[in-house]
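Architecture and fold: a report
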Amino acid sequence: MTGVAPAPSPASSPAPWADAVLAAAALAVDPAGLGGAVLRSPPSPLRDQWLKLLCQGQPADAPWRRVPLHVTDGRLFGGLDLAATLRAGKPLAERGLLAECDGGLLILASAERLSAATAARLTATLDRGMVAVERDGTTARHRTRFGIVALDEGLDDSEAVPPALADRLALHIDLNGLRRGDSPQSVFAPEEIARARRRLRDVKASESDVELLCSVALALGTGSLRAEALALGFARIHAALHGRPAVARPDCEARGPPGAGTAGEPSAVTR
């Protein structure tokens with residue numbers, strides 16, 4: 001489960017890779033609604049496989065932008081378009097990667113090394129649904145809604161995605177120590193994800209569903225109100241993926257499909 005779910009013990013989690021696969025399907029349904037994911041793993045075939053599953057679930061025209069660690073502020077947020085400025089004889093702004101990935105996903109490399117200043121500007125963009133460009137004599141506003149996959153390659157707990165950014169990303173996935181085994185590549189075909197995307201806006205949630213998620217958050221001592229909202233968003237997506245018109249208890253308790261994955265390993269999805 002995402003949002004406020006506790007990580008199960010190794011003995012109680014039969015489907016760790018399936019958890020991660022379910023997370024990829026959910027994120028593909030509504031990247032902006034879930035904010036995104038923290039994907040903790042060094043570069044590996046397993047990480048590549050997860051990213052491939054996520055990409056396959058996206059609409060064909062959805063933008064997918066990879067951001068290297070040392071990207072410039074101008075390329076990320078937008079800045080002066082020198083060629084256009086010279087042609088026009090006046091300062092003109094260029095669209096940065098954040099504006100370009102509207103409706104899609106931004107993949108942050110080495111997110112554990114992201115500066116506090118860049119993280120703050122990213123969180124502001126997520127919160128406002130807009131990127132503001134005010135530099136080099138140019139001013140521009142671009143509406144943009146997207147999800148972020150923060151690739152966390154930290155070696156220990158001292159290296160982690162900045163908390164302010166991680167707090168806005170619903171899915172926290174740890175692939176360290178996991179293996180794909182005989183798990184299916186995906187439990188949802190791209191067309192099933194597309195149908196879930198279309199029906200999501202009509203999925204209802206009752207007050208009891210909200211109360212259940214809030215009570216779990218309270219019991220776990222979750223310090224952010226965003227956790228409840230993100231967990232509810234995940235529950236609605238889970239219901240949409242399973243063709244339900246309203247959130248049911250299995251959607252609030254969702255972790256991964258039974259019978260898939262490798263027994264004896266910890267859950268991949270925590271929060």
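What counts, and where the lines are drawn
Residues numbered from 1 in each chain as written. Predicted model: local features only at pLDDT ≥ 70, side-chain atom pairs only at ≥ 80, totals over all residues. Heavy atoms only, no water. Helix = DSSP H or I, 4+ residues; strand = E, 2+ residues; numbered from the N terminus. Buried < 20%, exposed > 50% of the residue type's maximum accessible area, 1.4 Å probe, protein only. Contact = heavy atoms within 4.5 Å. Areas by Shrake-Rupley, 256 points an atom, 1.4 Å probe, with all protein chains shown as cover. Axes fitted to C-alpha atoms, helices over the stretch in contact; angles between N-to-C directions. Left-handed = near helix turned anticlockwise from the far one by under 90°. Nonpolar A, V, L, I, M, F, W, Y, C, P; charged D, E, K, R; others polar. Parallel < 35°, antiparallel > 145°, perpendicular 65-115°, else oblique. Phe/Tyr/Trp six-rings, centres within 6.5 Å; stacked < 30°, edge-to-face > 60°. Lys NZ or Arg CZ within 6 Å of the ring centre and 35° of its normal. Expected span 1.5 Å × (residues − 1). Arc of directions from axis to C-beta. Salt bridge = Lys/Arg side-chain N within 4 Å of Asp/Glu carboxyl O. pLDDT = per-residue confidence, 0-100. Pairing = 2+ DSSP bridges.

Further remarks concern the overall build of the chain. A count of helical and extended segments in the chain gives twelve helices and ten strands. Counting the 271 residues in the chain, one finds 48% classified as buried. Of the contacts made within the chain by residues no fewer than 6 positions apart, 79% connect residues no fewer than 24 positions apart. Surface exposure of the chain reaches about 12600 Å², of which carbon and sulfur atoms provide 53%.

It is worth spelling out the packing of helix α1 (residues 16-29) against helix α3 (residues 45-57) at this point. Between α1 and α3, the shortest axis-to-axis distance is 8 Å and the interhelical angle comes to 35°. Crossing geometry of α1 relative to α3 is assigned as right-handed. Contacts between α1 and α3 involve Trp17, Ala20, Val21, Ala23, Ala24, Leu27 and Ala28 from the former and Leu46, Gln49, Trp50, Leu53, Leu54 and Gly57 from the latter. Class assignment for the residues of the contact of α1 with α3 results in eleven nonpolar, two polar and no charged.

Moving on to the side chain of Asp167. On the secondary structure map, Asp167 appears in the loop between α8 (163-166) and β9 (171-174). Assessed through its relative accessible area of 17%, Asp167 is described here as buried.

Relative orientation of the contacting elements α1 and helix α9 (residues 190-199) amounts to 50°, with a least axis distance of 9 Å. As far as their axial angle goes, α9 and α1 are oblique. Considering only the axes of α1 and α9, their crossing is right-handed. On α9, the residues that touch Ala25, Ala28 and Val29 of α1 are Ile193, Ala196 and Arg197. In the contact of α1 with α9, the residues fall into five nonpolar, no polar and one charged.

Our next topic: the packing of aromatic side chains. Scanning all chains against the criterion turns up zero aromatic pairs. The aromatic ring of Phe77 is capped on one face by Arg121, whose charged end is 3.8 Å from the ring centroid.

Let us now look at helix α7 (residues 116-128). Taking 1.5 Å per residue as the helical rise, α7 with its 13 residues ought to reach 18 Å, and the 18 Å between its terminal C-alpha atoms agrees with that figure. Listing the buried residues of α7 in full gives Thr118, Ala119, Leu122, Thr123 and Thr125. Down the axis of α7, the buried side of the element spans an arc of 155°, and every buried residue falls inside it. Residues Ala116, Ala117 and Arg128 are exposed on α7 and point more than 90 degrees away from its buried face. Gly129 sits one or two residues past α7 and shows a positive phi near 65°.

One non-glycine residue, Ser110, lies in the positive phi region at around 45°. Inspection of the secondary structure assignment puts Ser110 in the loop between β5 (105-108) and α7. With relative accessibility at 12%, the residue Ser110 sits in the buried group.

On to the pattern of salt bridges, then. Within this structure, the stated rule accounts for nine salt bridges. A salt bridge links Arg40 to Asp152; the nearest nitrogen and oxygen atoms lie 2.6 Å apart. With Arg40 in strand β1 (residues 36-40) and Asp152 in strand β8 (residues 147-152), this residue pair connects regions lying 112 residues apart in the sequence. On the basis of relative accessible area, Arg40 is assigned to the buried category, the value being 15%. The shortest N-O distance in the salt bridge between Arg249 and Glu253 comes to 2.7 Å. When its relative accessible area of 45% is taken as the criterion, Glu253 is described as partly exposed. Look at the salt bridges and you will find they share partners, linking Arg65, Arg75 and Glu100 into a network.

Attention shifts here to the confidence of the model for the chain. Averaged over every residue, the pLDDT of the chain is 83; the share at 70 or more is 82%. Counted against residues more than four places away or in other chains, residues 1-14, with its pLDDT under 50, gives 48 contacts.

Our focus in this paragraph is the pairing of β1. Of all five residues in β1, five are buried, a share of seventy percent or more. Judged by which residues are buried, β1 turns out to be covered on both faces: Gly36, Val38 and Arg40 on one side and Ala37 and Leu39 on the other are all buried. Sheet analysis places β1 next to β8, joined by five bridges and oriented parallel. Residue pairing in the sheet places Val38 in a bridge with Ala150 of β8. Bridge analysis of β1 against β9 gives four bridges, and the strand direction is parallel. Residue Val38 lies in a different strand from β9, and its bridge partner there is His172.

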